[in-house]
Amino acid sequence: GQQVMQIPQYQHVQEGEDFTTYCNSSTTLSNIQWYKQRPGGHPVFLIQLVKSGEVKKQKRLTFQFGEAKKNSSLHITATQTTDVGTYVCGVYTGTASKLTFGTGTRLQVTL
Amino acid sequence: DAGVTQSPTHLIKTRGQQVTLRCSPKSGHDTVSWYQQALGQGPQFIFQYYEEEERQRGNFPDRFSGHQYPNYSSELNVNALLLGDSALYLCASSATTGGDSPLHFGNGTRLTVT
């Protein structure tokens, strides 16, 4: 079955530092979605990438889809304590209608 | 516009018992997916319901079963509970079964099996 690896599993940064998480697949993806899960909360949809090499921005968040559509990254510039949570990528593959999630990257931000 | 609602929020059961979790999808959504999330892990797909039928199933034993009603609400049933079934169970709804739909999650049911 489809496997999606995310790295790192955990990152602790000081407020103001940048943060990047990567999502990697062994197969070509049709699209990729990113979700944020606050501690004790549920995943909340952030964005979807569809095109090869696509880059999308949401304020301090930059999402990128690889040229080969096998990997993606989420970069946060100048982290804030409100960025704390787990960032999870989700992928649909082929004709499957199920969204498979990566293992997630837990971000901790301290002052 | 109500989002995805799940009940109960917390549940404690004993090994061997059976449990039923409930989910009402977001208004306008007709597809419901269930996920199991262990602590520190990403959500694991259990199954998906559309038009009252199970459309996709993840790598979960037959002890996990479900149902979808004509009003699109759904249930997840787990029989013969094991300690390893302790997890957060998330329900997610979407507007289609296609690959472009973002999922809207409920707050989840925290199941503890003792």
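A brief report on the enclosed structure follows. Model, not experiment: these values are computed from the prediction.

1. Considerations on the interface of chain B and chain A
So, step 1. With 23 residues of chain B in contact, the opposing surface of chain A contributes 18 residues.
So, step 2. Buried area between chain B and chain A, both sides added, is near 1,600 Å², and the carbon and sulfur share of it is 50%.
So, step 3. Linking chain B with chain A are zero salt bridges.
So, step 4. Put simply, chain B and chain A have seven residue pairs in polar contact (both at pLDDT 80 or more) between them.
So, step 5. Residue assignment for the side of chain B that touches chain A shows that the elements contributing at least two residues are β4 (31–37), β5 (44–50), β6 (53–57) and β9 (87–94) of chain B.

2. Comments concerning the pattern of salt bridges
Residue and element names in this part refer to chain B.
So, step 1. Within this structure, the stated rule accounts for six salt bridges over all chains.
So, step 2. Salt-bridge contacts for Glu51 lead to Arg55; the nearest nitrogen and oxygen are separated by 3.6 Å.
So, step 3. Judged by relative accessible area, which is 52%, Glu51 ranks as exposed.
So, step 4. According to the relative accessible area criterion, Arg55 is partly exposed, its value standing at 40%.

3. So, the sheet that holds strand β1 (residues 4–7) of chain A
Hydrogen bonds between backbone groups are what pair the strands of a sheet, and the pairing can be parallel or antiparallel.
All names here are of chain A.
So, step 1. In space, the five strands of this open sheet follow the order β1-β3-β8-β7-β6, with antiparallel pairing throughout. Bordering the open sheet on either side are β1 and β6 (55–58), each of which pairs with just one other strand. The average angle at which neighbouring strand axes cross in this sheet is 15°, direction not considered.
So, step 2. Judged from the four bridges that link them, β6 and strand β7 (residues 61–65) form a sheet pairing that is antiparallel. Within the sheet, the bridge partner assigned to Gln58 lies in β7 and is Leu61.

4. Re the state of the cysteines
Residues and elements named next belong to chain A.
So, step 1. This structure, assessed with the given rule, holds two disulfides over all chains.
So, step 2. Between the sulfur atoms of Cys23 and its disulfide partner Cys89 the distance amounts to 1.9 Å. Taking the torsion about the S-S bond as the criterion, the Cys23 to Cys89 disulfide, at about 65°, is right-handed. With Cys23 in strand β3 (residues 19–25) and Cys89 in strand β9 (residues 85–92), the pair connects residues that are 66 residues apart, well separated along the chain. As far as the burial class goes, Cys23 and Cys89 line up, both buried.

About the criteria used
Residues numbered from 1 in each chain as written. Chains lettered and ligands numbered in written order. Predicted model: local features only at pLDDT ≥ 70, side-chain atom pairs only at ≥ 80, totals over all residues. Heavy atoms only, no water. Contact = heavy atoms within 4.5 Å. Buried area = accessible area lost by both parts, 1.4 Å probe. Salt bridge = Lys/Arg side-chain N within 4 Å of Asp/Glu carboxyl O. Polar contact = N/O pair within 3.5 Å; in protein donor to acceptor, adjacent residues only side chain to side chain. Helix = DSSP H or I, 4+ residues; strand = E, 2+ residues; numbered from the N terminus. Buried < 20%, exposed > 50% of the residue type's maximum accessible area, 1.4 Å probe, protein only. Pairing = 2+ DSSP bridges. Axes fitted to C-alpha atoms, helices over the stretch in contact; angles between N-to-C directions. Disulfide = S-S within 2.5 Å.

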